[in-house]
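Listed below, chain by chain, are the residues.
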Amino acid sequence: MISKKKLKGSALPTVMVISVLICLLILFAFTMFDLNEFLFSSYNSVRQRKEYLNSALVVYCNDSSLISQIKDSDYAYQLYDDEPLSSVQFSIKPWGLYESICISSSDHKYSSIRLLGKKNDCKEAAALWLCSRDMALSLAGTTQIEGPLYAPINGVNYVELQNEAFKGRIISNDNIHLSNRELPDIDSLLVNMIDGWHDRRRLNKTGNDVDLKNKYSSFKEEPIHLLMPENASKESVFRGQIMIYGDEIVMSPEMKFSDVILIARKVIVESGFVGSCQIFATDTVIVKEGVRLNFPSGVFLNGNNGKTLLTLGERSTICGYAVVFGDIEKSNNLLIDANYEQRRASTLQGLLYVDGIASVNSCSIIGAAYMKECYYLPENGMYAGTLFNVQITRDENMVYPFLFKNSMYRRSEIKSLH
């Protein structure tokens, strides 16, 4: 006979509990799989939406026809006809001599703000342009010009100066072109807009009862307009979309500036200062020794009946641009009033534009230089149309400011803004 074993009734609940736990584990595994798929899909969706913003930036930087389609900030541009989520909106505004662009998705959930410059300065793309003013261009010392040279009709001379023979490099005839009596045309609308920035009635819109110790303004909002007080703290920090006004602004090395614009009659940048800003003045800008204005920075000087002066001190660097409007008629054969002075061991990286008289000595320019007249002015002498120990190198990889009228459309990204 086969014996029959009986299970205890108390085992049944245990089996049921174990069965339920196993079912829950299986259900949890399926849920985790679905959740992982959902997270993966969401991640790729967000990533794709952000890539649409980058693609829109590429299109804007290279397609000149797009700008005519962007009528206002509410205009939507769809990258791909079969993908509605690729629709983006543009908001574009100048920031100094550069351009700020905000690209956002059509639902405004995603956005990206970039600062742009020009891929090329102008169609001539010169290393050096010196206007034809009835005198030859004389190169002395260790002067070297790398890239296209637009020289006066009188040609180029290699001369001995101060008992020192010419030790530079002879320029190939293929790189020498004939310049005109005037500099290449600039965008007059841009200059008029900048002149309008000196209208301080903007200050009434914002007020000045603000904390200047640490001021920040996002590029997603409207710019803040501030009046720089005479007793401003040396530890003041200004960052972002801020326009700072004053009569005479002194930038001490303890101050921190990042991406801001300064508008004044006169600006003095003291020795040791490091930061990034764009300076728009009407009289004088003095950059003292050992200063570094990081990219994208610049100086735009226009006004005072052409008696303007920008001085770049020894061992100082401006990365961006220096644009000076002067008046050669203010000088005479006995006294030369330079509008731009670049001193020993200093560097200008970017665009130099001097519609007046430039005095450059034992320094370097990397990018492009456009001068109406140039002089070498030692303590006891005056040499017209002369460059002494000057290194000028055309840089095709530089991002240039918006200035010239006849420049190609293409833009280049400088940095992301916040």
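Reading the values: rules and limits
- Residues numbered from 1 in each chain as written.
- Predicted model: local features only at pLDDT ≥ 70, side-chain atom pairs only at ≥ 80, totals over all residues.
- Heavy atoms only, no water.
- Helix = DSSP H or I, 4+ residues; strand = E, 2+ residues; numbered from the N terminus.
- Buried < 20%, exposed > 50% of the residue type's maximum accessible area, 1.4 Å probe, protein only.
- Contact = heavy atoms within 4.5 Å.
- Areas by Shrake-Rupley, 256 points an atom, 1.4 Å probe, with all protein chains shown as cover.
- Pairing = 2+ DSSP bridges.
- Axes fitted to C-alpha atoms, helices over the stretch in contact; angles between N-to-C directions.
- Arc of directions from axis to C-beta.
- Core = buried A, V, L, I, M, F, W, Y, C linked by side-chain atoms within 4.5 Å.
- Phe/Tyr/Trp six-rings, centres within 6.5 Å; stacked < 30°, edge-to-face > 60°.
- Salt bridge = Lys/Arg side-chain N within 4 Å of Asp/Glu carboxyl O.

A. The arrangement of the overall build of the protein chain in detail. The number of helices and strands found in the protein chain is 4 helices and 26 strands. Considering the protein chain as a whole, with its 418 residues, one finds that 48% of them fall into the buried category. Long-range pairs, those at least 24 residues apart, make up 53% of the contacts in the protein chain between residues at least 6 apart in sequence. Carbon and sulfur atoms form 51% of the exposed surface of the protein chain, whose accessible area is close to 21300 Å².

B. Molecular detail of the sheet that holds strand E6 (residues 137-140). Read from one edge of the open sheet, 3 strands run E9-E6-E24, paired in parallel fashion. The open sheet has two free edges, formed respectively by strand E9 (156-159) and strand E24 (386-388), since each of these has just one partner strand. Pairwise comparison of adjacent strand axes, ignoring direction, gives a mean angle of 20 degrees for this sheet. Across 3 bridges, the pairing between E6 and E24 is parallel. Opposite Ala140, over in E24, you have Phe388 as the bridge partner.

C. Quick peek at helix H3 (residues 188-196). For H3, the full list of buried residues reads Leu190, Val191 and Ile194. Angular distribution of buried residues about the axis of H3 spans 100 degrees; they occupy a single face of the element. The inward-facing, buried residues of H3 contact strand E16 (274-287), strand E17 (292-301) and strand E19 (317-325).

D. Geometry of the nonpolar core. Counting 56 residues, the largest nonpolar core has Met251, Phe257, Tyr340, Met371 and Leu387 as the members making the most contacts within it. Excluding its chain neighbours within four sequence positions, the residues that come into contact with Phe257 are Met228, Phe238, Ile244, Met251, Leu262, Phe273, Gly275, Ser276 and Cys277. In this structure, Cys131, Tyr150, Tyr245 and Phe325 belong to the second largest nonpolar core, which totals 38 residues.

E. Molecular detail of the packing of aromatic side chains. For the coordinates displayed, the defined rule picks out 19 aromatic pairs. Where Trp129 meets Tyr150, the ring centres are 5.1 Å apart and the plane angle is 25 degrees; that geometry is what we call stacked. Here Trp129, found in strand E5 (residues 128-130), pairs with Tyr150, found in strand E8 (residues 149-151); they are 21 residues apart in sequence, far enough to count as distant. Here Trp129 and Tyr150 have matching classes, each one buried. Note on Tyr376 and Tyr383: the rings are 5.8 Å apart at their centroids and 25 degrees apart in plane angle, and the pair reads as stacked. Residue classification places Tyr376 among the buried positions, given a relative accessible area of 5%. Overall, Tyr383 belongs to the partly exposed group, its relative accessible area being 30%.

F. Region of the structure containing the pattern of salt bridges. Tallied over the full model, the rule gives 16 salt bridges. Residue Glu99 is joined to Arg411 by a salt bridge in which the shortest nitrogen-to-oxygen separation is 3.3 Å. With Glu99 in strand E3 (residues 98-105) and Arg411 in strand E26 (residues 411-417), this pair connects stretches of sequence that are 312 residues apart. The exposure class of Glu99 is buried, given its relative accessible area of 10%. Several salt bridges converge on common partners, so that one network encompasses Arg133, Glu182, Asp355, Lys372 and Glu373.

G. Up close: the pairing of E3. Among the 8 residues of E3, 7 are classified as buried, and the element is accordingly described as predominantly covered. Pairing of strand E2 (residues 87-95) with E3 involves 8 bridges; the strand directions are antiparallel. By the bridge assignment for E3, Ile92 is matched with Ile101. From the end of E3 to the start of strand E4 (residues 111-118), which pair antiparallel, there are 5 residues, and His108 there has a positive phi angle of about 65 degrees.

This is a description of form; function is not addressed.
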